[in-house]
Amino acid sequence: MAHNLEETARALVAPGKGILAADESDGTIKKRFDSIGVESTEETRRAYRELLFTTEGAADYISGVILFDETIRQSAADGTPFPKVLESQGIIPGIKVDRGAKDLANAPGEQITEGLDGLRGRLQEYRELGARFTKWRGVITIGPEIPSEYCIWTNAHALARYAALSQEAELVPIVEPEVLMDGDHSIDTSFDVTSRTLHAVFTELRDQRVHFEQMLLKPNMVLSGYGASERAGIQEVADATVRSFRRHVPAAVPGIVFLSGGQTDEDATAHLNAMNAMGPHPWELSFSYGRALQAPALKAWAGEAANVPAGQAAYLHRARMNGLARSGSYSPDMETKVAA
Ligand code: 13P
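Residues numbered from 1 in each chain as written. Predicted model: local features only at pLDDT ≥ 70, side-chain atom pairs only at ≥ 80, totals over all residues. Heavy atoms only, no water.

1. Section: empty space enclosed by the protein
Under the defined criterion, the tally for this structure stands at 3 cavities of 30 Å³ or more. Put simply, the largest cavity is a space of about 50 Å³. Around the largest cavity sit Glu178, Val179, Met181, Asn220, Met221, Leu223, Tyr226, Leu259, Ser260, Gly261 and Gln263, which together line it. Residue composition of the lining of the largest cavity, grouped by class: 6 nonpolar, 4 polar and 1 charged. (1 Å grid on protein atoms, 1.4 Å probe; cavity = no way out; pocket = protein on both sides within 12 Å on 5 of 7 lines; lining within 4 Å. Points joined across faces, edges and corners; volume = space filled by probe spheres on them. Nonpolar A, V, L, I, M, F, W, Y, C, P; charged D, E, K, R; others polar.)

This is the structure we're talking about:
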């Protein structure tokens, strides 16, 4: 089946829709399950992902889902492979292809993402399994004396190598440079580090001949550090984030799909809403949330089959709120009108 990468990239940021990140690695999903007292086994992980992927009505707000290696090979209880379950609702299946962030040599406290060796072969396999887009996450940490230019540029280089290989395999790359918001830094520091990171990422992407029209960017928002004593409000975050992206992200990129990065689910929605209310922008501003779409669903489910409908209602509600934030038409008072 021929498919046009630009069309897929645009479909992923269609008006009113965004992406569900359900690509938690084994270690991360175990952490999420620990928080609700559920053991992480292949079957509990499968059952939980089935809850999300079979939620009726989610396709009104969800354009694509990022899967993990184990998940793209799993099936719903009726035997339908998960990529087919999604496709049959018009949701595009994608896959995380990096192999995680490891310590960066000669750079205490900093990390580099692994997974380039053998990537060309793995991309072919994922395509055959039904994936139409991919994701790779680089991690930048803020602290005393860090991030170094060394860390920023090595991660940018790896992101561009991944993106070029992904386009070669006819898969839309979602390029994710995540500046972590842990720490007590100010929003000005966050602005500076995010801007330095975006500058490096787009320099490497251009040097490595990545087609901007055929990719999406998945960045952090520009926030105050979670431990900062004075934290910027919603409009200040929206202003700083849009200012940084206008300076560094080419208009040829169809969309910017933010990660939630540990914000509360309602903050993640409010920030996206405020940015879209400031539009129009050169690119679509959308979401690719993990925790901010899943947290209430995970809690409502709590590992019990009887709670699947409650979990699905909670997920659908968050998807709908973020769908409204895509056009700046969300307001916090909608939170109380939980979809039945
Ligand atoms: P969060 O929205 O929970 O940050 O997850 C998004 C993601 O895919 C991180 O890699």
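2. Things to note about the site of the ligand
Of all residues adjacent to the ligand, which total 13 residues, the nearest are Lys218, Ser260, Gly261, Gly290 and Arg291. Ser260 is positioned such that a nitrogen or oxygen atom in its side chain is 2.5 Å from an oxygen atom of the ligand. Within the contact set of the ligand, an oxygen atom lies 2.7 Å away from a side-chain nitrogen or oxygen of Arg291. Surface burial for the ligand is 90%, taken as the share of its 300 Å² of free accessible area covered by protein chains. Here the ligand is seated within the largest pocket. Classifying every residue of the shell around the ligand by side-chain character gives 3 nonpolar, 4 polar and 6 charged. (Near = heavy atom within 4 Å. Polar contact = N/O pair within 3.5 Å; in protein donor to acceptor, adjacent residues only side chain to side chain. Areas by Shrake-Rupley, 256 points an atom, 1.4 Å probe, with all protein chains shown as cover. Sits in = over half its atoms within 2 Å of the grid points.)

3. Digging into the pattern of salt bridges
Summed over the entire model, instances satisfying the criterion amount to 20 salt bridges. Across the pair Arg73 and Glu125 runs a salt bridge whose closest N-O atoms are separated by 2.9 Å. Separated by 52 residues along the polypeptide, Arg73 in the loop between α4 (69-72) and α5 (82-87) and Glu125 in helix α6 (residues 119-128) bring together distant segments of the chain. A relative accessible area of 42% places Arg73 in the partly exposed class. The partner of Glu335 in a salt bridge is Arg318, and the shortest N-O contact between them spans 2.8 Å. In this pair, Glu335 sits in the segment after α12 (308-325) while Arg318 sits in helix α12, placing the two residues 17 residues apart along the sequence. (Salt bridge = Lys/Arg side-chain N within 4 Å of Asp/Glu carboxyl O. Helix = DSSP H or I, 4+ residues; strand = E, 2+ residues; numbered from the N terminus. Buried < 20%, exposed > 50% of the residue type's maximum accessible area, 1.4 Å probe, protein only.)

4. A closer look at the packing of α6 against helix α7 (residues 149-168)
Orientation of α6 relative to α7, taken along the N-to-C sense of each, is 45 degrees, at an axis distance of 10 Å. When the axis of α6 is compared with that of α7, the two are oblique. The two elements α6 and α7 cross, and the hand of that crossing is right-handed. Counted together, Leu119, Arg120 and Leu123 of α6 and Tyr162, Leu165, Ser166 and Glu168 of α7 form the full contact between these two elements. The residue inventory of the contact of α6 with α7, partitioned by class, reads 4 nonpolar, 1 polar and 2 charged. (Axes fitted to C-alpha atoms, helices over the stretch in contact; angles between N-to-C directions. Parallel < 35°, antiparallel > 145°, perpendicular 65-115°, else oblique. Left-handed = near helix turned anticlockwise from the far one by under 90°. Contact = heavy atoms within 4.5 Å.)

5. A look at the packing of aromatic side chains
Applying the stated rule across the entire model yields 8 aromatic pairs. For the pair Phe33 and Tyr48, a centre-to-centre distance of 5.7 Å together with 85 degrees between the ring planes defines the contact as edge-to-face. Here Phe33, found in helix α2 (residues 26-34), pairs with Tyr48, found in helix α3 (residues 42-53); they are 15 residues apart in sequence, far enough to count as distant. The exposure class of Phe33 is buried, given its relative accessible area of 0%. On the basis of relative accessibility, which here comes to 0%, the residue Tyr48 falls in the buried class. Joined through ring pairs, the aromatic side chains of Phe33, Tyr48 and Trp301 make up one cluster. Sitting over the ring of Phe191, Arg243 keeps its end group 5.4 Å from the ring centre. (Phe/Tyr/Trp six-rings, centres within 6.5 Å; stacked < 30°, edge-to-face > 60°. Lys NZ or Arg CZ within 6 Å of the ring centre and 35° of its normal.)

6. Examining the pairing of strand β9 (residues 255-258)
Residues Gly255 and Val257 line one face of β9 and the alternating positions Ile256 and Phe258 line the opposite face, and both faces are buried. A crossover links β9 with its parallel partner strand β10 (residues 284-289), the connecting element being helix α10 (residues 265-277), and its sense is right-handed. (Right-handed = clockwise from strand over helix to strand, strands pointing away.)

7. With respect to the packing of helix α11 (residues 291-301) against α12
Between α11 and α12, the shortest axis-to-axis distance is 7 Å and the interhelical angle comes to 160 degrees. Considered as vectors, α11 and α12 are oriented roughly antiparallel to each other. As for how α11 packs across α12, the hand of that crossing is right-handed. Seen from α11, the contacting residues are Ala292, Leu293, Pro296, Ala297, Ala300 and Trp301; seen from α12, they are Val308, Ala310, Gly311, Ala314, Tyr315, Arg318, Ala319 and Asn322. Classifying every residue of the contact of α11 with α12 gives 11 nonpolar, 2 polar and 1 charged.

8. Here's the deal with the layout of surface pockets
Of the pockets and cavities examined, the largest pocket occupies roughly 870 Å³. Around the largest pocket sit 36 residues that line it, and Ser25, Thr28, Lys96, Lys135 and Arg137 are the ones nearest its centre. Taken together, the elements giving at least two residues each to the lining of the largest pocket come down to α2, α6, β6 (133-140), β7 (172-179) and β10. By residue class, the composition of the lining of the largest pocket is 11 nonpolar, 9 polar and 16 charged.

9. A look at helix α8 (residues 187-207)
The end-to-end C-alpha distance of α8, which contains 21 residues, comes to 30 Å, matching closely the 30 Å that a straight helix rising 1.5 Å per residue would cover. Just beyond α8, the residue with positive phi is Arg209, at close to 65 degrees. (Expected span 1.5 Å × (residues − 1).)

10. What about the nonpolar core?
Membership of the largest hydrophobic core comes to 95 residues, with the highest contact counts inside it found for Phe53, Ile62, Phe202 and Leu205. Looking at this core, the element that brings in the most residues is α7, giving 9 residues. When neighbours within four sequence positions are excluded, Leu205 is seen to be in contact with Ala160, Ala163, Val175, Val210, Phe212 and Met215. Ranked by size, the runner-up nonpolar core spans 13 residues in total, among them Ala21, Ile66, Ile92 and Val172. (Core = buried A, V, L, I, M, F, W, Y, C linked by side-chain atoms within 4.5 Å.)

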